[in-house]
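# Observations on the three-dimensional arrangement
Letter by letter, the chains look like this.
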Amino acid sequence: MESLVGLVNRIQRACTVVGDHGGGGDNALPTLWESLPSVVVIGGQSAGKSSVLESIVGRDFLPRGYGIVTRRPLVLQLHKIEEDGTEYAEFLHAPKRKFTDFAKVRQEIQDETDRITGKSKKISPVPIHLNIYSPSVVNLTVIDLPGLTKVAVEGQPQSVVDDIENMVRSYVQKPNSIILAISPANQDIATSDAIKLAREVDPQGERTFGVLTKLDLMDRGTNAIEVLEGRSYRLKQPWVGVVNRSQADIHMNVDMITARRREREYFATSLDYGHLAPKMGSEYLAKLLSKYLESIIKTQIPSIASSINKSIKELEREMDDLGRPVAVDAGAQLFTILQLCRAFDQIFKEHLDGGRPGGDRIYAVFDNQLPAALRKLPIDRHLSADNVKKVVSQADGYQPHLIAPEQGYRRLIEGALSYFKGPAEASVDAVHSVLKNLVRVSIGETQELRRFPKLQSQIANAAYEALERFRAESKKTTLRLVDMESHYLTVDFFRKLPEDVETGANPASPIVDRYAEGYYKRIGSNVSSYVGMVAKTLKTSIPKAVVHCQVREAKMCLLDHFYAQVGRSQGQQLAQMLDEDPSLTERRQQCAKRMELYKSARDDIDSVAWGR
Ligand SMILES: Nc1nc2c(ncn2[C@@H]2O[C@H](COP(=O)(O)OP(=O)(O)OP(=O)(O)O)[C@@H](O)[C@H]2O)c(=O)[nH]1
């Protein structure tokens, strides 16, 4: 049975080493500490908490004084060692220092308290962790807390009263805590701060141990039999009375061995408590607690084991998300980088081909934006009768055309087609910005890349550069399409124009007709029909050019230049690319440590459970 408490103690110690002290914020790792039982000492100020703790340990090591002495929680883990082993203490904050002189332990507790709270009388919820290894202790984890108080002492804000109560409550309300409620016998039990709080969080008294101190200080003729026999305040566990060293004993350096002996004698010879003697005193209390802890642990083993398994699963999931540690050799690093690039490229392609959203915005450019832009071109203004007349006259020069204004037609068509360059370029730019946005989104969606901010930005830059190249090529091609339309006109169109179109050009007609408005309107309308036909062609050929030059290229060779650059990189440069966010490296290490703790705890529990 001893092995069960020893086991939990060992797991608790391991928890402490990996930084699992229970609790935590949003981003907290799973905690094993919280699922393990521990003893929490509570009581009013000067009720005798520290004295009880020292008696349990059998050592004099806690700071003493007036006012609030315990100002930070003290998590005390007692480890029983071989009979001939050397007794020593060790703090979590100074793991390399072994204390064999317990007066120095007291000094260190004081100094460590001051380190966080300053020399003031402030309190802090940050615990001090102390391990004591001794042949004369029972395996236990006991937490000493600041004394509950009703008034702040000088130099303290009034809020300290609530702060202490809240801090103490946060420990005792955990269902796994065993409450050691210390009350002084020379005060009415009904007014005990410890009992008041214990009743609040454990109304049935199932996990509360009542301890009555200062029995020796009770008024003559009075005794605490009513309390000790459980009639004043009923608890499931028996009340234990103790007699600690008085302040005078402390001044006179009465050692703990003498104090324990005196306590035994006190009960053995007491007229009031003689009949209860075997169940009184600090030594009995320590054994009672340890035994109780054993029974609790025994019932809790299955739930502890299942909490461990649950936490292992949570950690596995998180470690999967965090990814494997970065390789150290250049070959493996190169492989990792290429794999990461491919993962990104795959997601980018899914955005274009469907499966992930975004690619449809390219179609929207061709289907809405381009036709709308083409419709809005000021072709009508360009082909107004006045402008047609102006362009035709200028094209004719000093010699007006004789039959048909060939040069005028050409100039009018060229002028109208030059307007198409704007929408063509705008389509290229719009698709460019869709692609750029998809690169950004895809990088964000590439889980594996998350921990490599440098590589992320390098991939982004390389992709943006490539997109710029594709954009330049695409502009050249689409503008060339427009130029091609102006450089060679579709002869058939003009041949098929109705005969009367050329009436104005009939030399038989009076010369003035040729300069009438109707004549130019007709020319304008012919050019407009031709330009409309070209617009129809460009509406389909521009998207083809854009897809060919930008979308297809982005799909096929977005990172080609980057791959070449990575291939030329040396070890140092590769390592820099995989320079992951240090907070992630740290988190992975923490997870790995926790995982180790949980796995060894699970093995330990399994072996004990099977051994029973
Ligand atoms: N005579 C006698 N004195 C006791 C007994 N228990 C505690 N004292 C004295 O009461 C005083 C307060 O005891 P502590 O153990 O320091 O009390 P505490 O509850 O830890 O005090 P804080 O941490 O300051 O809240 C000390 O002077 C002890 O010597 C007891 O059983 N008998």
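Everything that follows concerns the structure shown earlier in this document.
Residues numbered from 1 in each chain as written. Predicted model: local features only at pLDDT ≥ 70, side-chain atom pairs only at ≥ 80, totals over all residues. Heavy atoms only, no water.

Summed over all chains, the structure comprises three cavities of 30 Å³ or more. Here the largest cavity defines a volume of roughly 90 Å³. Lining of the largest cavity is provided by Ser 50, Leu 62, Pro 63, Val 69, Thr 70, Arg 71, Arg 72, Leu 74, Ile 109, Thr 113, Ile 128 and Asp 144. For the lining of the largest cavity, the residue count by class is six nonpolar, three polar and three charged. Of the pockets and cavities examined, the second largest cavity occupies roughly 70 Å³. Surrounding the second largest cavity, 13 residues form its lining, Ser 55, Asn 244, Arg 245, Met 256 and Ala 259 being those nearest its centre. A total of four residues in the lining of the second largest cavity trace back to one element, the largest contributor, which is helix α8 (residues 256-269). A per-class count over the lining of the second largest cavity returns four nonpolar, four polar and five charged. (1 Å grid on protein atoms, 1.4 Å probe; cavity = no way out; pocket = protein on both sides within 12 Å on 5 of 7 lines; lining within 4 Å. Points joined across faces, edges and corners; volume = space filled by probe spheres on them. Nonpolar A, V, L, I, M, F, W, Y, C, P; charged D, E, K, R; others polar. Helix = DSSP H or I, 4+ residues; strand = E, 2+ residues; numbered from the N terminus.)

For the rest of this paragraph, the subject is the site of the ligand. In the vicinity of the ligand, 23 residues are found, and the nearest of them are Lys 49, Ser 50, Ser 51, Asn 244 and Gln 247. Between the ligand and the protein, one listed contact pairs an oxygen atom with a side-chain N or O atom of Ser 50 at 2.7 Å. In this structure, an oxygen atom belonging to the ligand sits 2.9 Å away from a main-chain N or O atom of Lys 214. Surface burial for the ligand is 93%, taken as the share of its 640 Å² of free accessible area covered by protein chains. Elements with a minimum of two residues in the shell around the ligand: α2 (49-57) and α7 (247-251). (Near = heavy atom within 4 Å. Polar contact = N/O pair within 3.5 Å; in protein donor to acceptor, adjacent residues only side chain to side chain. Areas by Shrake-Rupley, 256 points an atom, 1.4 Å probe, with all protein chains shown as cover.)

Turning next to the side chain of Gln 77. Mapping Gln 77 onto the fold places it in strand β2 (residues 74-80). A distance of 3.5 Å separates a polar atom in the side chain of Gln 77 from a polar atom in the side chain of Thr 141.

What follows is about the packing of aromatic side chains. For any pair of aromatic rings, the description consists of the separation of the ring centres together with the inter-plane angle of the planes. For the structure on display, the rule yields 13 aromatic pairs. Centroid distance Phe 209 to Tyr 292: 4.9 Å. Interplanar angle 75 degrees. Geometry classified as edge-to-face. Note that Phe 209 is positioned in strand β8 (residues 208-213) and Tyr 292 in helix α9 (residues 282-322), a separation of 83 residues in sequence. The pair formed by Phe 209 and Tyr 292 is uniform in burial state, with each residue classed as buried. Ring centres 6.3 Å apart and planes at 65 degrees place the aromatic pair Phe 267 and Tyr 273 in the edge-to-face group. (Phe/Tyr/Trp six-rings, centres within 6.5 Å; stacked < 30°, edge-to-face > 60°. Buried < 20%, exposed > 50% of the residue type's maximum accessible area, 1.4 Å probe, protein only.)

Per the counting criterion, the structure on display carries 33 salt bridges. Among the salt bridges present, the one from Glu 206 reaches Lys 236, with a minimum N-O distance of 3.6 Å. Of this pair, Glu 206 sits in the loop between α5 (193-201) and β8 while Lys 236 sits in the loop between α6 (225-228) and β9 (240-241), and the two are 30 residues apart along the sequence. Of the residues examined, Glu 206 reaches a relative accessible area of 43% and is grouped as partly exposed. With its nearest N and O atoms 3.3 Å apart, the salt bridge here joins Arg 262 to Asp 249. Residue Arg 262 is found in helix α8, and its partner Asp 249 is found in helix α7; the two are separated by 13 residues along the sequence. What makes Arg 262 partly exposed here is its relative accessible area of 37%. A cluster of three or more residues bridged by salt bridges with shared partners is formed by Arg 72, Arg 97, Glu 108, Glu 112 and Arg 115. (Salt bridge = Lys/Arg side-chain N within 4 Å of Asp/Glu carboxyl O.)

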